[in-house]
Amino acid sequence: MSTLASVYSPAAIEEKWYAYWMRHGLFHSEPDEREPYAVVIPPPNVTGVLHMGHMLNNTIQDVLVRRARMLGKNACWVPGTDHASIATEAKVVEKLAAEGVKKTDLSREDFLRHAWEWTRRHGGIILEQLKRLGASCDWERTSFTMDEGYSRSVIRAFVDLYRQGKIYRGVRMINWDPQAQTALSDEEVIYREQQGKLYYVRYRVSGAAAEGQPAYVVVATTRPETIFGDTAVCINPGDERYRWLRGKKLLVPLINREVPVIEDEYVDPEFGTGCLKVTPAHDVNDYLLGEKYGLEVIDIFNDDGTLSPKAQRYVGQDRFEVRRQVEEELAAEGLLEKVEAYANKVGFSERTNAAIEPKLSMQWFVRMEELAAPALAAVMDDDVQLFPPKFKNTYRHWMEHIKDWCISRQLWWGHRIPAWYLPQGGLVVAETAEQALAAAREKTGNPQLALADLRQDEDCLDTWFSSWLWPISVFDPDVAGHPEADPNKDLQYYYPTTDLVTAPEILFFWVARMIVAGYEWAGGYPFKNVYLTGIVRDKQGRKMSKSLGNSPDPVALMEKYGADSVRLGMLLTSPAGNDLPFDESLCEQGRNFCNKIWNAFRLISSWEPGDGEPQPEHAQVAVEWFGELLRKALQSVADDFDKYRLSEALMALYKLYWDEFSGWYLEIIKPQQGRPMDAATYKATLRFFDAMLRLLHPFMPFITEELWQNLAERKDGESIMVAPQPSAREHDEDVLRRFEQAKQVVSAIRSLRKDRGIPSREPLTLLYRGELSPAAAAVAGRLANVQQVAAVEENTEPMCASFLVGTTELYVPLGSLANAEEERKKLAAEVERLTAFLGGVKAKLDNEKFVRSAPEAIVALERKKQRDAEAKIAALTEQLEKLK
RNA sequence: GGGAGCUUAGCUCAGCUGGUUUAGAGCAUCUGCCUUACAAGCAGAGGGUCGGGGGUUCGAACCCCUCAGCUCCCACCA
């Protein structure tokens, strides 16, 4: 008997094998003559920590990568991190604030020193956590978006696009995050329905009221604090109610600034009062109106969301506080007609969750329309395939309506925009300060110009402007933005990568833009397949979040259950694109499966092959059957993987291992107490076990490595990681069918024992009329304690239990164990059920139209059902008679 | 306001071009078992008018219409 404990304990084993894989360089990949298979990790924030979303995402990647490696491909999974401009800068600012230091008191250089220090301290923790999970990344290729080479490629990409005229600088209405104090792209704004108020505010008519005309108009607004920035009131030219207002001036409440009444079709007479206040500096539509009618633009906010001196009132106070006070003041002044509850959509910063302020400012933009064209075609033509394919629509819609991308951020942590402003105005864009100086001298015709005369743009680039180069620059940092460069060996070999696994939330942020960059600089798409995962939710279906505190700590989970178990827990129920309702019990299920595997190994390793021991018939049957079953499983698993149905592949293997291999196969071949095992069965069993470990390895790398190493003598450096997957072959359905009959016979006998309280140690005899394969007889002998099996012409034994498997009648003589009344009841119930079934079949066949229009095969099938049912009923009725 | 998708057992989901199924799986539940690999286990069992209604068809979970509910994406309605 094996000395292994009966419970699998993962901790030491996981650590041992991860170190072994690292020591032998098994994760590392170099270009060679094999088919490449590459995956680039969606780089997590450099200072982030592992959450359940990462767990799901990286488990899936590891499964795909490990399988590809075992299929003989040269698999390369590139890990790395993202500098995450806003998020990281926010953390550093917060940390400094806690120490009493304000960012504004620091120089750019000092701040960056702190940021790097923070990055060094917290950076890469997440990568260490991924190792716990078993991630088979090529750590020698770990990249960071602010590595020197990588940064070079980002800057070069900017310069290249600028030279092509695809990057421009201009004043536009952008999304301002008052907390991070930076511009955001449209994609970084999340709109949420907010229960707000609609304020009806009176604007008095300037000058004396004309005879019979009102002294004021009422304007509806959700943002009364912006009235200080009003520069017009707009009505619809067709609106008869306001005809009298034409050409009049109105007074902005509280500050009594005189503003014109303008007319534009944009105003919906149905909404509110049909009268719109126009604040060009703080609303996108108002801005457009302002442009059209040459209105003054009064920006009443400071960058932090407090009111600026331009507002005249409430200067220095926060916008939301001002809203409250303005409401009070308007009411006190009798200028507030009414307030209604009103639900509207408010934009929030994706990173800081601060309410976005539309703000007019000078920013850098990428002209997207032309760039997007090949990237749109790539997905539409399936050069890049999305899984699940429903995302194709979403993708198309976005790409067809793509807007210019605001890429400048008023931050310090990131890639500084390589633009230098000249003393006399104008600017030059260049990769380095030296090149900028040269360009500046040339442009100005002043060779005396010094670097000190130039002022570099203060802003950083959007993080996504660096991560869109990820699949290119992690391999070769000198290709992006450098059209004349020859790609290095790595890029030539690994690009395009094969699979990308990521969340649908960043389809536009990242996936689409990577495809754009791929066509722009690397000659084509960056990956062939995109697997979009779901969102990990809690049991109640809520998104996991820090604030809800409903997200388990993945590392704690792995400590409790083992990494393999948690991986299983993540995959057992998460088809592509579906959300994963996570519950710890899924890890328990994973752990139970590990334990099952572990114990099967204990059993097998307790066996000794005997010399000259003959192979029993039941063992031979089992070996033949399981071999075929394995082949069939191989095929279906390969098929599942082709379609990225990982959960289904895993479930198939789970059942194959648990039910078929452990439940049936091992139980059949298990030698009688103390007996040795015959060599043929022993060898076959080791072969099967080995094959199953390989099949399972991508899903559960640690336990499979441990057992595989113990299954045979292995050389140092050998690993299941690089053992080939078993190859698929045709299987023989007949063998499977015969065994299916055996299983049914065994189940039926077990069931009848249970029904009648016949203990399993009580041997039984099995009589049958019809076809019973020798396989079935042998298996029944082994698993159902059937001592005798005999064919009969007719059953002469009245006191017996009878049942049907297919059309074969089986009888188990019970003698004194039987209760005639009970047996009659059982038989009668069965006859009744069959008769009802037969009724349905007959009704179908009696329908002329069915017989005429249905395909022949279908009709023939129904006829066979009828014949079989009739035969069964006849047999059971006959038996019933005997019992009377 | 547009668009996409979903609704099958208590839960999470399969069910590919309508007929080989008398609708499946895993988990959960119930019953019996400490049977010498595993009680984190074994054996057995129960559980669904396939969201409602209508239609097409010899035949519908699957196709069409309609109603209801849910989810996601996009959009500048104060």
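To be clear, the structure that these remarks concern was listed above.
Residues numbered from 1 in each chain as written. Chains lettered and ligands numbered in written order. Predicted model: local features only at pLDDT ≥ 70, side-chain atom pairs only at ≥ 80, totals over all residues. Heavy atoms only, no water.

Draft legend 1. Highlighting unusual backbone geometry. Of note, the bond from Phe387 into Pro388 is cis; its omega dihedral lies within 30 degrees of zero at -5°. Turning to its location among the elements, Pro388 is positioned in the loop between β15 (385-387) and α10 (391-400). Even without glycine at this site, Asn256 takes up a positive phi of about 50°. (Helix = DSSP H or I, 4+ residues; strand = E, 2+ residues; numbered from the N terminus.)

Draft legend 2. Looking closely at the pattern of salt bridges. Scanning the entire structure with this criterion turns up 67 salt bridges. One salt bridge in this structure joins Lys403 and Asp186, with 3.3 Å as the shortest N-O distance. Of this pair, Lys403 sits in the loop between α10 and β16 (405-406) while Asp186 sits in the loop between β6 (182-184) and β7 (189-205); the two residues are 217 residues apart in sequence, bridging distant segments of the chain. The exposed category is assigned to Lys403, whose relative accessible area is 54%. According to the relative accessible area criterion, Asp186 is partly exposed, its value standing at 34%. Here Glu328 and Arg324 are joined by a salt bridge, their closest N and O atoms 3.1 Å apart. Taken as a pair, Glu328 and Arg324 lie in helix α8 (residues 319-332) at a separation of 4 residues, close to a single helical turn. Three or more residues are tied together by salt bridges with common partners; here these are Arg223, Glu225, Arg319, Arg323 and Glu357. (Salt bridge = Lys/Arg side-chain N within 4 Å of Asp/Glu carboxyl O. Buried < 20%, exposed > 50% of the residue type's maximum accessible area, 1.4 Å probe, protein only.)

Draft legend 3. Summary view of α8. Spanning 14 residues, α8 covers 20 Å between terminal C-alpha atoms, matching the ideal 20 Å at 1.5 Å per step. When we look at burial in α8, the residues that qualify are Arg319, Val322, Arg323, Gln325, Val326, Glu327, Glu329 and Leu330. Among the structural elements, β7, β13 (336-349) and β14 (357-366) are those in contact with the buried residues of α8. Of the residues flanking the start of α8, the one acting as N-cap is Asp318, its side-chain oxygen 3.0 Å from the backbone nitrogen of Phe320. Remark: Gly334 follows α8 within two positions and exhibits a positive phi of approximately 75°. (Expected span 1.5 Å × (residues − 1). Contact = heavy atoms within 4.5 Å. Polar contact = N/O pair within 3.5 Å; in protein donor to acceptor, adjacent residues only side chain to side chain.)

Draft legend 4. Examining the packing of helix α23 (residues 733-756) against helix α24 (residues 774-783) more closely. Running from N to C, α23 and α24 cross one another at 35°; their axes reach a closest spacing of 8 Å. Here the hand of the crossing between α23 and α24 comes out right-handed. Listed contacts from α24 to Phe739, Gln741, Ala742, Val745, Val746 and Arg750 of α23 are Ala775, Ala776, Val779, Ala780 and Leu783. (Axes fitted to C-alpha atoms, helices over the stretch in contact; angles between N-to-C directions. Left-handed = near helix turned anticlockwise from the far one by under 90°.)

Draft legend 5. Geometry of the packing of aromatic side chains. All told, the structure shown has 43 aromatic pairs when counted by the stated rule. Pairing Tyr493 with Tyr494 gives two aromatic rings, centres 4.8 Å apart and planes at 80°, and the pair type is edge-to-face. Of the residues examined, Tyr493 reaches a relative accessible area of 14% and is grouped as buried. With centroids separated by 5.8 Å and ring planes inclined at 35°, the aromatic side chains of Phe601 and Phe689 adopt a geometry described as tilted. A residue pair is termed long-range when its members are at least 10 positions apart, and Phe601 in helix α18 (residues 584-605) and Phe689 in helix α21 (residues 679-696) qualify at 88 residues. One exposure class covers both Phe601 and Phe689, and it is buried. Taking NZ or CZ as reference, Lys103 lies 5.6 Å from the ring centre of Phe111, over its face. When the ring centre of Trp139 is taken as origin, the NZ or CZ atom of Lys131, which lies over that ring, is 4.8 Å away. (Phe/Tyr/Trp six-rings, centres within 6.5 Å; stacked < 30°, edge-to-face > 60°. Lys NZ or Arg CZ within 6 Å of the ring centre and 35° of its normal.)

Draft legend 6. Local environment of the protein's contact with RNA strand B. Around RNA strand B, the structure places 59 residues, and the nearest of them are Phe271, Asn285, Thr573, Arg602 and Lys865. Restricting the count to atoms of RNA strand B within 4 Å of the protein gives a sugar and phosphate share of 56%. (Near = heavy atom within 4 Å.)

Draft legend 7. How the structure looks around the packing of helix α1 (residues 10-23) against helix α22 (residues 701-711). Where α1 contacts α22, the axes come no closer than 9 Å and their chain directions differ by 80°. The orientation of α1 with respect to α22, classified from their angle, is roughly perpendicular. Every residue of α22 that contacts α1 at Ile13, Glu14, Lys16, Trp17, Tyr18, Tyr20 and Trp21 is listed here: Pro701, Phe702, Glu705, Glu706 and Gln709. Taken together, the residues of the contact of α1 with α22 sort by class into 7 nonpolar, 1 polar and 4 charged. (Parallel < 35°, antiparallel > 145°, perpendicular 65-115°, else oblique. Nonpolar A, V, L, I, M, F, W, Y, C, P; charged D, E, K, R; others polar.)

Draft legend 8. Region of the structure containing the sheet that holds β14. Pairing in this open sheet of 4 strands is antiparallel, and the strands run β6-β5-β14-β16 from one edge to the other. Lying at the two open borders of the sheet, with one neighbouring strand each, are β6 and β16. Relative to β14, strand β5 (residues 167-177) runs antiparallel, the two being bridged by 10 bridges. Residue pairing across strands places Asn175 opposite Pro358, the latter belonging to β14. (Pairing = 2+ DSSP bridges.)

Draft legend 9. Summary view of the nonpolar core. Counting 199 residues, the largest nonpolar core has Phe465 and Tyr665 as its most contacted members. Broken down by element, this core gets its largest block of residues, 13 residues, from helix α20 (residues 646-669). Counting residues in each nonpolar core, the second largest holds 31 residues, with Tyr199, Val219, Ile235 and Val252 among its members. (Core = buried A, V, L, I, M, F, W, Y, C linked by side-chain atoms within 4.5 Å.)

Draft legend 10. Examining the environment of Trp708 more closely. With respect to the helices and strands, Trp708 occurs in helix α22. Exposure remark for Trp708: the relative accessible area of 3% places this residue in the buried category. Separated by 11 residues in sequence, Trp708 and His697 have C-alpha atoms that sit 9.7 Å apart. Apart from residues no more than four positions distant in its own chain, Trp708 is found in contact with Asp690, Leu693, Arg694, Arg714, Glu718, Ser719, Ile720 and Ala723.

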